[in-house]
Amino acid sequence: MGVDQYLFLLNSLKWTLILSAVAFAFGIPCGLGVALMRTSDSTPMRWLATRWIDIFQGTPLLMQLFVVYYGLALLGLKLDEWSSVTVGFTLHASAFLGEIWRGAIEAVPRGQTEAAHALGLHYWSRMKDVVLPQALKISLPATIGFLVQLIKGTSLASIVGFVELTRAGGIIANINYRHLLVYGVVGLMYFCICWPLSLWGARLERKFAAASR
Amino acid sequence: MAYKFDFGAIWEAMPQLLAAGLGTLGLAVAGSLLAIVIGIGGVVLRDSRLAPARWLVMSFVELIRNTPFLVQIYFIFFALPLLGAQLGQLLAGLGLIARPTNYLLIGPWPTAVIALGLNGGAYAIEIIRGGVQAVPKGQWEAGAALGLHRATVFRLIVLKPALRAIYPSLTSQFTLLTLTTSIAGAIAAYELFSEAKFIDSQIYKPFEVYFTITVFYFVISWFMNQLFQAFARRYFSYPTK
């Protein structure tokens, strides 16, 4: 494998990282919306958020990408691969982050909400100033865990036709026939991104577990 | 102009899709069984006194958990035939077989089972290990004090609470593995996604085809969850205090 092929892989790694970052960034507000709906007092809202989460947790990510890809086209939205894949991953992230943060919101002791109520705080202030800051801390290890899942998941964009790290590896391997070397290097690149994140998440989890004891 | 959905063509392809659904279920069951075997074996090695064995299992778990399944399955798909060729040479060299034979040219479907088993196994190791640690040491000691053999203590005292502790995470891992089987289509293993690609190439109805199999996956995972919950209610709903 020549220098330019390694450079091609590194350049594609950039697309993997951009795709992950954009999907995560869009996924945060959408996921927050899902989590708030899921924990709201309104039954239809809760029902809607629960079904949304069920659909994304009960189907393969690969199929979600395909359905979004062809579904958007049918809706008359002529999107390029980049946009439709981003929409797919954002919707996916909204459901998973929504479920993670629902758990975190429910893990904040009920007395906190009641105390905020007693102080006369309305819903938004109660959430923004009292519940969510505590929930964020609780949810951090799981959120980092999902970020790792998301980075690994972006490899599936290659099947839809988006050229990121895995697709770039496939292109190179089809030229030089050194599949093991190429996929070994590609795997190592993912590992170098994901492993530090996993270690960070595990460390936070231990820290919080020790603090709550 | 509004698009007119055409599920009629899908209806005609339904027998093919249902058959491919069996391919998916087969992958899920075989992959999960292999994952359990790897998971239990991995835990035994992970907590053994041999430092290299412990190190090997830990590296395996970290490596699998921090790389995409798609890259893993491609790697295994290309590694197995090479490994088989080497193995054939070695066995022939030792005089165990007459001429070098590649035993690992096994086709995409068994390759996918191996990849799913290795991937699921890495997660299973972490989960099962948590279950073994969840049973207090005093339970083992109490059993020993009653004069029971270590294996008997495990079977009668430790096993059920340990299973109960890991049951939710283990079963959701099985569901996840079932959904992951869709990626096996990337190496043309016979399952729903590869069959959907084939049908789409004939009738040019991508949305209808992929939407239909997405519903299939949803039904499969929903049914699995119901089954797992019913089993848990039957066997694990006993008071603990």
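Residues numbered from 1 in each chain as written. Chains lettered and ligands numbered in written order. Predicted model: local features only at pLDDT ≥ 70, side-chain atom pairs only at ≥ 80, totals over all residues.

(A) Quick peek at the overall build of chain A. A count of helices and strands for chain A gives 9 helices and 0 strands. If you list the helices and strands of chain A from N to C, you get α-α-α-α-α-α-α-α-α. On the principal axes, the C-alpha backbone points of chain A span a range of 70 × 45 × 25 Å. Taking all 213 residues of chain A together, 40% fall into the buried category. In chain A, 74% of the contacts between residues at least 6 apart in sequence involve partners at least 24 apart. (Helix = DSSP H or I, 4+ residues; strand = E, 2+ residues; numbered from the N terminus. Buried ≥ 20, exposed ≤ 12 C-beta atoms within 10 Å, placed from the backbone. Contact = placed C-beta atoms within 7 Å.)

(B) The overall build of chain B, seen in detail. In terms of helices and strands, chain B carries 9 helices and 0 strands. In chain B, the succession of helices and strands from N to C terminus is α-α-α-α-α-α-α-α-α. For 241 residues, the compact-globule estimate of 2.2 N^0.38 gives 18 Å, and the C-alpha radius of gyration of chain B, at 22 Å, exceeds that figure by more than 25%. Viewed in the frame of its principal axes, chain B has a C-alpha envelope of about 75 × 60 × 30 Å. Counted over contacts in chain B with a minimum sequence separation of 6, partners at least 24 positions apart contribute 75%. (Rg over C-alpha atoms; globule rule 2.2 N^0.38 Å.)

(C) Highlighting the interface of chain B and chain A. In this assembly, 30 residues from chain B lie in contact with 28 residues from chain A. Broken down by secondary-structure element, the contributors of at least two residues to the side of chain B that touches chain A are α3 (51–65), α4 (69–93), α7 (150–180) and α9 (206–235) of chain B. A per-element tally of the side of chain B that touches chain A places α9 of chain B first, with 10 residues.

(D) Looking closely at the environment of W200 of chain A. All names here are of chain A. On the secondary structure map, W200 appears in helix α9 (residues 179–212). Accessibility expressed as a C-beta count within 10 Å gives 15 for W200, which makes it partly exposed. For the pair W200 and T39, spaced 161 residues apart in the sequence, the C-alpha separation amounts to 28 Å.

(E) Broad picture of the packing of helix α5 (residues 108–134) of chain B against α7 of chain B. Residues and elements named next belong to chain B. Direction vectors running N to C along α5 and α7 enclose 165°, while the axes themselves pass 8 Å from each other. Looking at the two axes, α5 sits roughly antiparallel to α7. Here α5 and α7 pass one another in a crossing that is right-handed. Every residue of α7 that contacts α5 at L116, G120, Y123, A124, I127, I128, G130, G131, V132 and A134 is listed here: A162, L163, A165, I166, S169, L170, Q173, L177 and T180. Residues of the contact of α5 with α7, tallied by class, amount to 13 nonpolar, 6 polar and no charged. (Axes fitted to C-alpha atoms, helices over the stretch in contact; angles between N-to-C directions. Parallel < 35°, antiparallel > 145°, perpendicular 65-115°, else oblique. Left-handed = near helix turned anticlockwise from the far one by under 90°. Nonpolar A, V, L, I, M, F, W, Y, C, P; charged D, E, K, R; others polar.)

(F) Examining the environment of W109 of chain B more closely. Residue and element names in this part refer to chain B. Inspection of the secondary structure assignment puts W109 in helix α5. Residues W109 and E191, 82 residues apart in the sequence, show an inter-C-alpha distance of 8.6 Å. Setting aside chain neighbours within four positions, we find W109 in contact with A189 and Y190.

(G) Spotlight on unusual backbone geometry. Residues and elements named next belong to chain B. Here A188, not a glycine, exhibits a phi torsion of approximately 65°, which is positive. Assignment of secondary structure puts A188 in the loop between α7 and α8 (192–203). For A188, a count of 16 C-beta atoms within 10 Å gives the class partly exposed.

(H) Examining the nonpolar core more closely. Counting residues in hydrophobic clusters, the biggest one holds 98 residues, and the most contacted among them are L62 and L65 of chain A together with I73 and Y210 of chain B. At 11 residues, helix α4 (residues 81–107) of chain A tops the list of elements feeding residues into this core. Leave out the neighbours within four places in its chain, and L62 of chain A touches L156 and I159 of chain A together with S182, I183 and F193 of chain B. (Core = buried A, V, L, I, M, F, W, Y, C linked by C-beta atoms within 7 Å.)

(I) Region of interest: α9 of chain B. Look at α9 of chain B: 44 Å from first C-alpha to last across 30 residues, which is about the 44 Å you get at 1.5 Å a residue. The set of residues buried in α9 of chain B consists of P206, E208, V209, Y210, F211, I213, T214, Y217, I220 and S221 of chain B. Buried residues along α9 of chain B sit in contact with α3 (61–74) of chain A together with α1 (8–12), α2 (14–46), α7 and α8 of chain B. (Expected span 1.5 Å × (residues − 1).)

(J) The packing of α2 of chain B against α8 of chain B, seen in detail. Residue and element names in this part refer to chain B. At their nearest, the axes of α2 and α8 sit 8 Å apart, and the two run at 155° to each other. In terms of axis orientation, α2 runs roughly antiparallel to α8. Along its contact with α2, which presents Q16, L17, A20, G21 and T24, the element α8 presents L192, E195 and I199. Among the residues forming the contact of α2 with α8, the class breakdown is 4 nonpolar, 3 polar and 1 charged.

(K) Focus on the environment of W15 of chain A. Summarising the element assignment, W15 of chain A is placed in helix α1 (residues 3–38). Classification of W15 of chain A by C-beta neighbours within 10 Å gives partly exposed; the count is 18.

(L) Representation of the confidence of the model for chain B in the model. All names here are of chain B. On average, residues of chain B score 92 in pLDDT, and 99% of them reach the 70 mark or higher. Per-element mean pLDDT across chain B ranges from 87 in α1 up to 96 in α3. ipTM for the predicted complex: 0.93, alongside a pTM of 0.92. (pLDDT = per-residue confidence, 0-100.)

(M) Expanded view of helix α2 (residues 43–57) of chain A. Residue and element names in this part refer to chain A. Between its first and last C-alpha, α2 extends 21 Å over 15 residues, near the 21 Å set by a 1.5 Å rise per residue. Turning to α2, its buried residues are A49, W52 and I53. What you see down the axis of α2 is that its buried residues fit within an arc of 95°, all on one side. Pointing more than 90 degrees away from the buried face of α2 are the exposed residues T43, P44, W47 and R51. Against α1 and α4 lie the buried residues of α2. (Arc of directions from axis to C-beta.)

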